[in-house]
Amino acid sequence: MAKKVAVIGAGVSGLISLKCCVDEGLEPTCFERTEDIGGLWRFKENVEDGRASIYQSVITNTSKEMSCFSDFPMPDDFPNFLHNSKLLEYFRIFAKNFDLLKYIQFQTTVISVKKCPDFSSSGQWKVVTQSHGKEQSAVFDAVMVCSGHHILPHIPLKSFPGIEKFKGQYFHSRQYKHPDGFEGKRILVIGIGNSASDIAVELCKKAAQVFVSTRHGSWVMSRISEDGYPWDMVFHTRFNSMVRNVLPRTVLKWMMEQQMNKWFNHENYGLEPQNKYLMKEPVLNDDLPSRLLCGAIKVKPRVKELTESAAIFEDETVEEDIDVIVFATGYTFSFPFLEESLVKVENNMVSLYKYIFPPHLEKSTLACIGLIQPLGSIFPTVELQARWVTRVFKGLCSLPSGRTMMADIIKKNEERIDLFGQSQSQILQTNYVDYLDELALQIGAKPALGALLLTDLKLAVKLYFGPCNSYQYRLVGPGRWEGARAAILTQKRRILKPLKTRTLKVSSHFAVSFLLKILGILAVVVAFFFQLQWF
């Protein structure tokens, strides 16, 4: 008899978890507290308790070829960076194609998830739910928590002396929906993440003045990279990842600084990160530098104190007549339906093996999907998590001892702090390609570059020097997809398709293209043997 799996949440993580359960012959039931799928990416005009909230203009920061699920490319005519409504459309197509809606119980809230009395032998969980005022309970063989971590806003009011005197309006960025109603206001945005930058840029078109307060600064990148290709198609390659891993930190810092300052000099704009050695997630915003250049946004240091109508900053400058403060200060995560000991943060560390499994359970039948913040797209990341988890549930993959898992958690946390720092916003940060490969190894889905050099040189070149997208993890192993190779080799066509809306007569560059291909083949061979020296 197939094992029964409870999936909590029908957002991105929940949908892919359902598909992976079905692929492995498990019997999933998904509990979704709202009336529809999409989670974070389904915009609603009103903020709802217990549900993620986005503003109307949100566009993805990762491109479609790097964000699609591994055996289901996005439609050719979809733009490279998607408005939230377009991404939701993809999820609807995905859910319909794999017939996932029949597994979802909408408007059903999970009240509690508790071990059954015989958990040590059965690994089963009692799940209590509520729908339309009626409570029900059921026993499941395993549970996948897919409820996200953008629900509980983090507003550190104690860090802002005088906030109780402030007579203007203040709220968390979660409450922001659109710029209407902010005309002529003087607005202070606290934070310099993606949401802070997006909101500041949008508000400054209607506000009298927008100020952005940042403690540490940040690198700011454009979505457009070399030759106009999406940034992540250029940044996230196996070759680049290898270079970042083997270079001394001082050299890497210098290279990163040179790369980031190509677009504009961050020091001149008051944005240069305080600690340039840290590999913190950069801000993706195409408009912020121009808004700063026009004076519509001004960058300020940390707020030292607030008065009834003014903000005093740590450099002793003062901005008067502040009407609105937007706290874009991130989120904390909470799972009220779980016992506190199962998923907790202690000493700035999430005690989950590979950011997924609680290490001290007698049976590994509970998993958190999507409780992570990769330096890249979350969608392929949660897919690989779910592929591994479902195979663990099925008994096809096993986990090490609790002691071994805890040692790995501590080690990975030390590495994370060294790379990304100790700020709360970096608790879930991971290196993108490294983490994907780590998960793929667990299920035997990591492509074997050495063998491909001998059997499929064209593909090997693409895998090593081209973008590390999800298709790579369907070339081998369980769930192998026959279309993976073709998807990898034709991704450039899908990138350019939505841009080719005007027919042009293009001259032939065959000779140059052929020479570059020859040089690329030589480079991949040299790089491969260079990498072998490090293992």
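Going by what an unreviewed UniProt entry lists, the chain is known as Flavin-containing monooxygenase and is assigned to Prolemur simus. Here the chain is described in UniProt, under the heading Sequence similarities (unreviewed entry), as follows: "Belongs to the FMO family."

### Digging into the overall build of the chain
A count of helical and extended segments in the chain gives 17 helices and 24 strands. For 535 residues, the compact-globule estimate of 2.2 N^0.38 gives 24 Å, and the C-alpha radius of gyration of the chain, at 24 Å, lies within 12% of that figure. Counting only C-alpha atoms and orienting by the principal axes, one finds that the chain spans roughly 70 × 65 × 45 Å. Look at the contacts in the chain between residues 6 or more apart in sequence, and 70% of them connect residues 24 or more apart. Of the roughly 24800 Å² of accessible surface on the chain, a fraction of 53% belongs to carbon and sulfur atoms. Between the mean site of the 63 positive side-chain charges and the mean site of the 55 negative ones, the chain shows a separation of 5 Å.

### Side note on the side chain of Asp-437
Among the structural elements, Asp-437 can be located in helix α12 (residues 432-443). Assessed through its relative accessible area of 10%, Asp-437 is described here as buried. A polar contact is formed between the side chain of Asp-437 and the side chain of Tyr-473, at a distance of 2.7 Å. With residues near it in sequence (within four places) discarded, Asp-437 still touches Arg-238, Lys-446 and Tyr-473.

### Digging into the packing of aromatic side chains
Applying the stated criterion across every chain, the model contains 28 aromatic pairs. Aromatic rings pair up to connect Trp-41, Phe-69, Phe-72, Tyr-90, Phe-91, Phe-94, Phe-98 and Phe-379 into one cluster. Note that Arg-223 overlies the ring of Phe-81, its terminal NZ or CZ placed 5.8 Å from the centroid.

### Considering unusual backbone geometry
Phi is positive for Asp-99, close to 55 degrees, though the residue is something other than glycine. Within the secondary structure layout, Asp-99 lies in the loop between α3 (84-97) and β3 (104-105). On the accessibility criterion, Asp-99 (41% relative accessible area) is partly exposed.

### Here we look at the pairing of strand β18 (residues 324-327)
Residues in a regular strand point their side chains to alternate faces of the sheet. Neither face of β18 is left uncovered, since the one carrying Val-324 and Val-326 and the one carrying Ile-325 and Phe-327 both have all their residues buried. The sheet contact formed by strand β9 (residues 169-172) and β18 spans four bridges and is parallel. Each bridged residue has a counterpart across the sheet, and for Tyr-170 the counterpart in β18 is Ile-325. Two strands pair when backbone bridges link them, and strand β10 (residues 186-190) and β18 are joined in this way by four bridges, in the parallel orientation. Bridging across to β18, Ile-190 finds its partner in Phe-327.

### Looking at the nonpolar core
The biggest cluster of nonpolar side chains holds 106 residues, and the ones touching the most others in it are Met-144, Phe-357 and Trp-388. Among the elements that line this core, the one with the most residues is helix α10 (residues 378-394), at eight residues. Setting aside residues no more than four positions away along its own chain, Trp-388 makes contact with Tyr-353, Lys-354, Ile-356, Phe-357, Cys-397, Leu-399, Leu-439, Gln-442 and Ile-443. Counting 22 residues, the second largest nonpolar core, distinct from the first, contains Leu-352, Leu-361, Leu-366 and Leu-371.

### Regarding the sheet that holds strand β22 (residues 366-368)
The five strands are arranged β3-β2-β1-β7-β22 in an open sheet whose pairing can be described as parallel. Since the sheet does not close on itself, it has two edges, and those belong to β3 and β22, each with one partner. Examined bridge by bridge, strand β7 (residues 142-145) and β22 share three bridges and lie parallel to one another. Bridge pairing links Met-144 to Ala-367 in β22. Across the face of the sheet, α10 comes into contact with β1 (4-8), β7 and β22 while running at roughly 170 degrees to β7.

Criteria and thresholds
- Residues numbered from 1 in each chain as written.
- Predicted model: local features only at pLDDT ≥ 70, side-chain atom pairs only at ≥ 80, totals over all residues.
- Heavy atoms only, no water.
- UniProt positions renumbered as here; feature names shortened; annotations may be inferred.
- Helix = DSSP H or I, 4+ residues; strand = E, 2+ residues; numbered from the N terminus.
- Rg over C-alpha atoms; globule rule 2.2 N^0.38 Å.
- Contact = heavy atoms within 4.5 Å.
- Areas by Shrake-Rupley, 256 points an atom, 1.4 Å probe, with all protein chains shown as cover.
- Lys, Arg positive; Asp, Glu negative; His and termini not counted.
- Charge placed at Lys NZ, Arg CZ, Asp CG, Glu CD.
- Buried < 20%, exposed > 50% of the residue type's maximum accessible area, 1.4 Å probe, protein only.
- Polar contact = N/O pair within 3.5 Å; in protein donor to acceptor, adjacent residues only side chain to side chain.
- Phe/Tyr/Trp six-rings, centres within 6.5 Å; stacked < 30°, edge-to-face > 60°.
- Lys NZ or Arg CZ within 6 Å of the ring centre and 35° of its normal.
- Pairing = 2+ DSSP bridges.
- Core = buried A, V, L, I, M, F, W, Y, C linked by side-chain atoms within 4.5 Å.
- Axes fitted to C-alpha atoms, helices over the stretch in contact; angles between N-to-C directions.

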